[in-house]
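Okay, here's what each chain looks like letter by letter:
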Amino acid sequence: MKCKTLLLPILMFVPSLASCNNGLDDSSSLSSSRFSSSSQVDERIYEIYQLYVKNVKESVKIPVIGNGDIKTADDAKKMFEYTGVDGVMIGRASLGNPWIFSGQNPTIEEKKKMMIRHFSDLCELKGEHVAIREIRKHVCWYLKGEYGAAAFRNMVNKIEEKEELINAIKSL
């Protein structure tokens, strides 16, 4: 089966798409001075992006998958409802947060348990030496937003032994 990939971030480089009136109000220009913060620009870009995805979905007869800024089950639901896409992809939001697919908000204890399981699986798959180096970035993702994550990350990045890493995770 042949598959074509449509690169939707093209809007960033096509000013006519960003400033056209595709069901948005007449002041849709991204360069408008009405934006007081970068988050407002990001929201506006995402709004235009979703409209673009919706237009693509309505224009083609092949399945369309939506992605980008889907960080929660609610975000996925909104993408389905607004654009009519056939599916969604969740990328970076799943790094360190496999619970995104169930909609759970894990406790620190659940995160610790998952980190240890993840590390054990990596050790089995790749060996201890490689696993220790690879799990470091994952530990950082698991702890993103948690109090003391930066200090813990600095400590973990210096650990060289399997048991020392497991004990560090358990001591969180």
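Source: prediction; values computed, not measured. (Residues numbered from 1 in each chain as written. Predicted model: local features only at pLDDT ≥ 70, side-chain atom pairs only at ≥ 80, totals over all residues. Heavy atoms only, no water.)

Trainee: How should the overall build of the chain be read in this particular structure?
Mentor: A count of helices and strands for the chain gives 7 helices and 2 strands. Of all 172 residues assigned to the chain, the portion counted as buried reaches 30%. When the accessible surface of the chain is summed, it comes to about 11500 Å², and 54% of that surface belongs to carbon and sulfur atoms. (Helix = DSSP H or I, 4+ residues; strand = E, 2+ residues; numbered from the N terminus. Buried < 20%, exposed > 50% of the residue type's maximum accessible area, 1.4 Å probe, protein only. Areas by Shrake-Rupley, 256 points an atom, 1.4 Å probe, with all protein chains shown as cover.)

Trainee: For this particular structure, what's the right way to read unusual backbone geometry?
Mentor: Excluding glycine, a negative phi dihedral is what most residues carry, and trans is how most peptide bonds are arranged. Backbone geometry at aspartate 69 places phi at a positive 60°, although glycine is not the residue there. Here aspartate 69 is to be found in the loop between β1 (65–67) and α3 (73–83).

Trainee: I tried to follow the nonpolar core on my own but got confused; where do I start?
Mentor: Within soluble globular proteins, side chains that are nonpolar tend to cluster in buried spots. Counting 20 residues, the largest nonpolar core has Phe119, Val139, Phe152, Leu165 and Ile169 as its most contacted members. Elements with a minimum of two residues in this core: α4 (108–126), α5 (128–142), α6 (149–156) and α7 (162–170). Discounting chain neighbours no more than four positions away, the residues touching leucine 165 are Phe119, Ile135, Val156 and Ile159. Residues Val53, Val56, Val64 and Met79 belong to the second largest nonpolar core, which totals 10 residues. (Core = buried A, V, L, I, M, F, W, Y, C linked by side-chain atoms within 4.5 Å. Contact = heavy atoms within 4.5 Å.)

Trainee: Mind showing me how you'd approach the confidence of the model for the chain here?
Mentor: It should be kept in mind that the predicted coordinates are not to be read in detail where pLDDT is low. The share of residues in the chain with pLDDT of 70 or more is 76%, and the mean pLDDT across the chain is 79. The least confident element of the chain is helix α1 (residues 15–19), whose mean pLDDT is 41; the most confident is α4, at 96. Contacts of residues 1–36 to residues separated by more than four positions or lying in other chains number 45 contacts, the stretch itself having pLDDT below 50. (pLDDT = per-residue confidence, 0-100.)

Trainee: Is there a simple way to think about α5 in this case?
Mentor: Think of an α-helix as 3.6 residues a turn; residues three or four steps apart then line up on the same face. The end-to-end C-alpha distance of α5 is 20 Å, a good match for the 21 Å that 15 residues give at a rise of 1.5 Å each. Along α5, the largest kink reaches about 30° and is centred on isoleucine 135. Every buried residue of α5 is listed here: Ala131, Ile132, Ile135, Arg136, His138, Val139 and Tyr142. Where the residues of α5 are buried, they touch α4, α6 and α7. (Expected span 1.5 Å × (residues − 1). Bend = angle between axes of the 7 residues up to and from the residue.)

Trainee: In this structure, what is going on with the packing of aromatic side chains? I would like to understand it.
Mentor: Geometry of an aromatic ring pair is reported as the spacing of the ring centres plus the angle between the planes. Tallied over the entire structure, the rule returns 1 aromatic pair. Taking 6.2 Å as the distance between ring centres and 70° as the angle between the ring planes, the aromatic pair formed by tryptophan 99 and tyrosine 142 counts as edge-to-face. Of this pair, tryptophan 99 sits in the loop between β2 (87–89) and α4 while tyrosine 142 sits in helix α5; the two residues are 43 residues apart in sequence, bridging distant segments of the chain. Comparing tryptophan 99 with tyrosine 142 shows no difference in burial state: the two are buried. (Phe/Tyr/Trp six-rings, centres within 6.5 Å; stacked < 30°, edge-to-face > 60°.)

Trainee: When you look at a negative patch on the surface in this model, what are you seeing that I'm missing?
Mentor: On the surface, a cluster of negative charge is contributed by Glu128, Glu161, Glu163 and Glu164. With respect to the helices and strands, glutamate 161 occurs in the loop between α6 and α7. (Patch = residues over 30% accessible without salt bridge, like charges linked within 9 Å, V, L, I, M, F, W, Y side chains within 5 Å. Salt bridge = Lys/Arg side-chain N within 4 Å of Asp/Glu carboxyl O. Lys, Arg positive; Asp, Glu negative; His and termini not counted. Charge placed at Lys NZ, Arg CZ, Asp CG, Glu CD.)

Trainee: Whenever I open this one, the pattern of salt bridges confuses me. Can you help?
Mentor: Side-chain pairs of opposite charge can arise whenever the charged atoms involved come near each other. Evaluated as defined, the whole model comprises 9 salt bridges. With a shortest N-O distance of 3.4 Å, lysine 78 and aspartate 74 are connected by a salt bridge. Remark: aspartate 74 and lysine 78 occur in helix α3; sequence separation between them is 4 residues, near one turn of the helix. Overall, lysine 78 belongs to the partly exposed group, its relative accessible area being 45%. Lysine 126 serves as the salt-bridge partner of glutamate 134, at 3.0 Å between the closest nitrogen and oxygen.

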